[in-house]
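Survey of secondary and tertiary structure
Residue-level listing of the chains:
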Amino acid sequence: MGDSQTWTAAPSAAEHARSVLAASWSCAVTAEGGREEFVGAHTVAEDGRVTLDVPEDSTLVAAAICAPRGEPSAVLEFADVAPVPVRSRIRARLWIAGWFVPGDERLEFKATRVVLRRASGAVVVDLDEFAAAEPDPLATAEARLLTHLADCHPDAVERLTRLVDADSLHGAVRVQPLAVDRHGLTLRIERARAHGDVRLPFHAPADDVARLTERMHVLLTRASAASCPRALQRQRTDRDG
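All of the points below concern the structure found in this document. As the structure is a prediction and not an experimental result, all values here were calculated from the model. Each chain has its residues counted from 1, following the order in which its sequence is written. pLDDT decides what is reported in this predicted model: residues at 70 or higher carry local features, side-chain atom pairs at 80 or more are listed and counted, and totals for whole chains, interfaces and linings draw on all residues regardless. Hydrogens are left out, water is left out, and the side-chain values use all remaining heavy atoms of the structure.

1. Overview of the pattern of salt bridges
Put simply, the test is: One speaks of a salt bridge when a side-chain nitrogen belonging to Lys or Arg is within 4 Å of a carboxyl oxygen belonging to Asp or Glu. Only DSSP runs of H or I covering at least 4 residues are called helices, and only runs of E covering at least 2 are called strands; the numbering of each starts at the N terminus. Only protein chains enter the calculation, and the probe is 1.4 Å; a residue is then buried if its accessible area is under 20% of its type maximum, exposed if over 50%, and partly exposed in between.
Throughout the structure, instances matching the rule amount to 16 salt bridges. Taking the shortest distance from any N to any O, the salt bridge between D80 and R91 comes out at 2.6 Å. With a gap of eleven residues between them, D80 in strand β5 (residues 74–81) and R91 in strand β6 (residues 90–102) connect regions that are remote in the sequence. Accessibility assignment for this pair places D80 and R91 in one class, buried.

2. Some remarks on the layout of surface pockets
How we decide: A 1.4 Å probe that fits but cannot get out identifies a cavity on a 1 Å grid over protein atoms alone, an open set with protein on both sides within 12 Å along at least five of seven lines counts as a pocket, and a residue lines either if it has an atom within 4 Å of a point. Grid points are joined across faces, edges and corners, and a volume is the space filled by probe spheres set on the points. Amino acids are sorted into nonpolar (Ala, Val, Leu, Ile, Met, Phe, Trp, Tyr, Cys and Pro), charged (Asp, Glu, Lys and Arg) and polar (every other residue, Gly among them).
If you add up the space inside the largest pocket, you get close to 1,100 Å³. Of all the elements, helix α1 (residues 13–23) adds the most residues to the lining of the largest pocket, at six residues. When its residues are assigned to classes, the lining of the largest pocket shows 23 nonpolar, eight polar and 16 charged. Along the wall of the second largest pocket there are 16 residues; nearest its centre are L145, H148, L149, H153 and M216. Among the elements that make up the lining of the second largest pocket, the one with the highest residue count is helix α6 (residues 209–225) (six residues).

3. Details of the environment of P72
On the secondary structure map, P72 appears in the loop between α2 (59–66) and β5. For P72, a relative accessible area of 57% puts it in the exposed group. Counting along the chain gives 27 residues from P72 to W99, while the straight-line C-alpha distance between them is 5.3 Å.

4. Observations regarding the pairing of strand β11 (residues 195–201)
Using the following cut-off: Strands pair, by our definition, only if DSSP identifies at least two bridges between them.
As paired strands, strand β10 (residues 184–191) and β11 are joined by seven bridges and run antiparallel to one another. Counted as the bridge partner of E190 is H195 from β11. The turn linking β10 back onto β11 is made up of three residues.

By themselves these figures say nothing about function.
Next up, the structure:
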(Lines give C-alpha, C1' and ligand atoms only; values in the text may rest on other atoms or scores of the structure.)
Protein backbone atom coordinates (compact mmCIF):
# COMPACT_ATOMS: atom_id res chain seq x y z
CA MET A 1 0.00 0.00 0.00
CA GLY A 2 1.43 3.36 -1.03
CA ASP A 3 1.65 6.35 1.26
CA SER A 4 -0.67 8.30 -1.02
CA GLN A 5 -3.63 6.11 -0.03
CA THR A 6 -5.77 6.62 3.04
CA TRP A 7 -5.43 3.97 5.74
CA THR A 8 -8.36 3.65 8.12
CA ALA A 9 -8.01 0.11 9.45
CA ALA A 10 -7.87 -0.71 13.15
CA PRO A 11 -6.56 -3.80 14.94
CA SER A 12 -8.89 -6.80 14.91
CA ALA A 13 -10.07 -8.21 18.22
CA ALA A 14 -7.57 -11.07 17.90
CA GLU A 15 -4.70 -8.69 17.14
CA HIS A 16 -5.71 -6.44 20.03
CA ALA A 17 -5.88 -9.41 22.38
CA ARG A 18 -2.43 -10.62 21.31
CA SER A 19 -1.07 -7.08 21.77
CA VAL A 20 -2.44 -6.92 25.32
CA LEU A 21 -0.84 -10.28 26.02
CA ALA A 22 2.51 -9.24 24.52
CA ALA A 23 2.76 -6.01 26.51
CA SER A 24 1.44 -7.24 29.87
CA TRP A 25 3.98 -7.76 32.63
CA SER A 26 1.60 -9.11 35.25
CA CYS A 27 -1.02 -11.85 35.26
CA ALA A 28 -3.84 -12.66 37.68
CA VAL A 29 -4.90 -16.30 38.03
CA THR A 30 -8.31 -17.23 39.41
CA ALA A 31 -9.16 -20.82 40.24
CA GLU A 32 -11.02 -22.78 42.89
CA GLY A 33 -8.21 -22.09 45.34
CA GLY A 34 -8.68 -18.32 45.04
CA ARG A 35 -6.96 -15.54 43.15
CA GLU A 36 -3.26 -14.82 42.91
CA GLU A 37 -1.19 -12.15 41.15
CA PHE A 38 2.04 -13.03 39.33
CA VAL A 39 4.52 -10.43 38.08
CA GLY A 40 7.03 -11.25 35.35
CA ALA A 41 6.14 -14.94 35.62
CA HIS A 42 4.53 -15.68 32.26
CA THR A 43 5.84 -16.13 28.76
CA VAL A 44 3.93 -16.24 25.47
CA ALA A 45 4.60 -18.56 22.55
CA GLU A 46 4.21 -17.51 18.91
CA ASP A 47 0.73 -19.05 18.81
CA GLY A 48 -0.39 -17.24 21.95
CA ARG A 49 0.03 -20.13 24.38
CA VAL A 50 0.85 -18.93 27.88
CA THR A 51 3.22 -20.69 30.26
CA LEU A 52 3.54 -19.71 33.89
CA ASP A 53 6.45 -20.01 36.30
CA VAL A 54 5.01 -20.14 39.82
CA PRO A 55 6.22 -21.12 43.31
CA GLU A 56 5.95 -24.80 44.08
CA ASP A 57 3.88 -24.07 47.18
CA SER A 58 1.21 -22.09 45.32
CA THR A 59 -2.11 -23.50 46.54
CA LEU A 60 -3.91 -21.70 43.75
CA VAL A 61 -2.07 -23.49 40.96
CA ALA A 62 -2.15 -26.79 42.86
CA ALA A 63 -5.94 -26.54 42.90
CA ALA A 64 -6.00 -25.83 39.18
CA ILE A 65 -3.79 -28.84 38.41
CA CYS A 66 -5.96 -31.14 40.50
CA ALA A 67 -9.11 -30.08 38.66
CA PRO A 68 -10.63 -32.50 36.11
CA ARG A 69 -8.40 -32.61 33.04
CA GLY A 70 -9.88 -31.08 29.92
CA GLU A 71 -12.39 -28.93 31.76
CA PRO A 72 -11.96 -25.17 32.31
CA SER A 73 -10.63 -24.78 35.84
CA ALA A 74 -8.80 -21.44 35.82
CA VAL A 75 -8.93 -17.98 34.27
CA LEU A 76 -5.93 -15.82 33.41
CA GLU A 77 -6.55 -12.08 33.44
CA PHE A 78 -4.38 -9.42 31.83
CA ALA A 79 -4.98 -5.67 32.09
CA ASP A 80 -4.06 -3.19 29.38
CA VAL A 81 -3.12 -0.07 31.35
CA ALA A 82 -2.46 3.27 29.69
CA PRO A 83 1.17 4.29 30.29
CA VAL A 84 0.23 7.98 30.48
CA PRO A 85 -1.72 9.12 33.58
CA VAL A 86 -5.33 9.60 32.46
CA ARG A 87 -8.75 8.88 33.89
CA SER A 88 -9.88 5.26 33.61
CA ARG A 89 -6.38 4.05 32.80
CA ILE A 90 -7.43 0.47 32.05
CA ARG A 91 -7.98 0.51 28.30
CA ALA A 92 -8.89 -3.17 27.99
CA ARG A 93 -8.98 -6.46 29.88
CA LEU A 94 -8.17 -9.88 28.49
CA TRP A 95 -9.51 -13.08 30.03
CA ILE A 96 -8.30 -16.53 28.96
CA ALA A 97 -10.17 -19.51 30.41
CA GLY A 98 -8.79 -23.05 30.38
CA TRP A 99 -6.67 -25.43 32.44
CA PHE A 100 -3.03 -25.93 33.40
CA VAL A 101 -0.82 -28.74 32.13
CA PRO A 102 2.33 -29.44 34.20
CA GLY A 103 5.59 -29.11 32.31
CA ASP A 104 9.30 -28.93 33.12
CA GLU A 105 9.21 -26.55 36.10
CA ARG A 106 6.54 -24.53 34.31
CA LEU A 107 2.80 -24.75 33.72
CA GLU A 108 1.39 -24.54 30.22
CA PHE A 109 -2.11 -23.13 29.95
CA LYS A 110 -4.56 -24.72 27.52
CA ALA A 111 -7.08 -22.10 26.44
CA THR A 112 -10.73 -22.91 25.84
CA ARG A 113 -12.12 -19.37 25.64
CA VAL A 114 -10.66 -15.90 25.06
CA VAL A 115 -12.62 -12.75 25.89
CA LEU A 116 -11.47 -9.19 25.25
CA ARG A 117 -13.26 -6.28 26.90
CA ARG A 118 -12.57 -2.79 25.60
CA ALA A 119 -14.47 0.49 25.65
CA SER A 120 -16.83 -0.69 22.91
CA GLY A 121 -17.79 -3.81 24.88
CA ALA A 122 -16.73 -7.44 25.32
CA VAL A 123 -16.07 -9.79 22.43
CA VAL A 124 -15.30 -13.50 22.34
CA VAL A 125 -12.16 -14.06 20.27
CA ASP A 126 -12.05 -17.12 18.04
CA LEU A 127 -9.31 -19.46 19.30
CA ASP A 128 -7.89 -20.13 15.83
CA GLU A 129 -7.81 -16.41 15.04
CA PHE A 130 -6.16 -15.74 18.38
CA ALA A 131 -3.46 -18.33 17.66
CA ALA A 132 -2.85 -17.03 14.13
CA ALA A 133 -2.83 -13.32 14.99
CA GLU A 134 0.33 -11.37 15.67
CA PRO A 135 0.66 -8.61 18.26
CA ASP A 136 0.92 -5.08 16.98
CA PRO A 137 4.57 -4.36 16.07
CA LEU A 138 4.53 -1.30 18.34
CA ALA A 139 2.94 -3.07 21.34
CA THR A 140 6.08 -3.55 23.41
CA ALA A 141 7.40 -0.06 22.60
CA GLU A 142 4.09 1.76 23.09
CA ALA A 143 4.63 2.71 26.74
CA ARG A 144 7.98 4.35 25.99
CA LEU A 145 6.66 6.10 22.90
CA LEU A 146 3.56 7.54 24.58
CA THR A 147 5.30 8.71 27.75
CA HIS A 148 7.96 10.43 25.63
CA LEU A 149 5.26 12.16 23.58
CA ALA A 150 3.34 13.28 26.68
CA ASP A 151 6.34 14.34 28.76
CA CYS A 152 8.66 15.83 26.14
CA HIS A 153 6.30 17.07 23.41
CA PRO A 154 3.11 18.47 24.99
CA ASP A 155 3.14 21.17 22.31
CA ALA A 156 2.86 18.46 19.65
CA VAL A 157 -0.10 16.89 21.47
CA GLU A 158 -1.84 20.26 21.59
CA ARG A 159 -1.13 20.81 17.90
CA LEU A 160 -2.69 17.45 17.05
CA THR A 161 -5.97 18.62 18.56
CA ARG A 162 -6.36 20.77 15.46
CA LEU A 163 -7.25 17.53 13.67
CA VAL A 164 -10.08 16.86 16.12
CA ASP A 165 -13.63 18.03 15.50
CA ALA A 166 -14.35 21.16 17.56
CA ASP A 167 -17.45 19.56 19.10
CA SER A 168 -15.29 16.78 20.56
CA LEU A 169 -13.12 19.39 22.27
CA HIS A 170 -16.02 21.28 23.86
CA GLY A 171 -15.33 21.64 27.58
CA ALA A 172 -11.92 19.97 27.33
CA VAL A 173 -9.60 20.57 30.27
CA ARG A 174 -6.80 18.23 29.22
CA VAL A 175 -5.76 16.16 26.20
CA GLN A 176 -3.31 13.27 26.51
CA PRO A 177 -2.05 10.53 24.17
CA LEU A 178 -3.89 7.36 25.17
CA ALA A 179 -2.77 4.68 22.71
CA VAL A 180 -0.81 4.11 19.54
CA ASP A 181 -0.68 1.15 17.19
CA ARG A 182 0.41 0.59 13.61
CA HIS A 183 -2.89 2.04 12.38
CA GLY A 184 -3.16 5.29 14.32
CA LEU A 185 -2.89 7.43 17.45
CA THR A 186 -5.70 7.78 20.02
CA LEU A 187 -6.10 10.91 22.15
CA ARG A 188 -7.95 11.00 25.47
CA ILE A 189 -9.99 14.22 25.85
CA GLU A 190 -10.82 14.90 29.48
CA ARG A 191 -13.59 17.24 30.59
CA ALA A 192 -14.66 18.34 34.07
CA ARG A 193 -16.88 15.31 34.68
CA ALA A 194 -16.39 13.10 31.64
CA HIS A 195 -13.92 12.05 28.99
CA GLY A 196 -13.86 10.74 25.44
CA ASP A 197 -11.38 9.29 22.97
CA VAL A 198 -10.59 10.41 19.43
CA ARG A 199 -8.59 8.34 16.96
CA LEU A 200 -6.26 9.93 14.41
CA PRO A 201 -5.59 7.31 11.71
CA PHE A 202 -2.26 7.17 9.91
CA HIS A 203 -2.19 7.47 6.12
CA ALA A 204 -0.38 4.11 5.97
CA PRO A 205 0.48 1.45 8.56
CA ALA A 206 3.57 1.94 10.71
CA ASP A 207 5.25 -1.42 11.12
CA ASP A 208 8.22 -0.14 13.12
CA VAL A 209 9.31 2.90 15.11
CA ALA A 210 11.01 4.52 12.11
CA ARG A 211 7.78 4.39 10.10
CA LEU A 212 5.85 5.60 13.14
CA THR A 213 8.08 8.69 13.31
CA GLU A 214 7.27 9.45 9.67
CA ARG A 215 3.54 8.90 10.20
CA MET A 216 3.57 11.25 13.20
CA HIS A 217 5.36 13.91 11.16
CA VAL A 218 2.62 13.67 8.54
CA LEU A 219 -0.07 14.14 11.20
CA LEU A 220 1.77 17.11 12.69
CA THR A 221 2.22 18.69 9.27
CA ARG A 222 -1.52 18.36 8.64
CA ALA A 223 -2.23 19.79 12.07
CA SER A 224 0.05 22.77 11.48
CA ALA A 225 -1.91 23.60 8.35
CA ALA A 226 -5.24 23.41 10.17
CA SER A 227 -6.81 26.19 12.20
CA CYS A 228 -6.99 25.96 15.98
CA PRO A 229 -10.45 24.72 17.11
CA ARG A 230 -12.56 27.44 18.67
CA ALA A 231 -13.19 25.29 21.74
CA LEU A 232 -9.45 25.08 22.36
CA GLN A 233 -9.03 28.79 21.73
CA ARG A 234 -11.63 29.51 24.42
CA GLN A 235 -9.86 27.06 26.74
CA ARG A 236 -6.57 28.93 26.26
CA THR A 237 -8.23 32.27 26.87
CA ASP A 238 -9.78 31.02 30.10
CA ARG A 239 -6.42 29.74 31.32
CA ASP A 240 -4.64 32.97 30.44
CA GLY A 241 -7.25 35.01 32.24
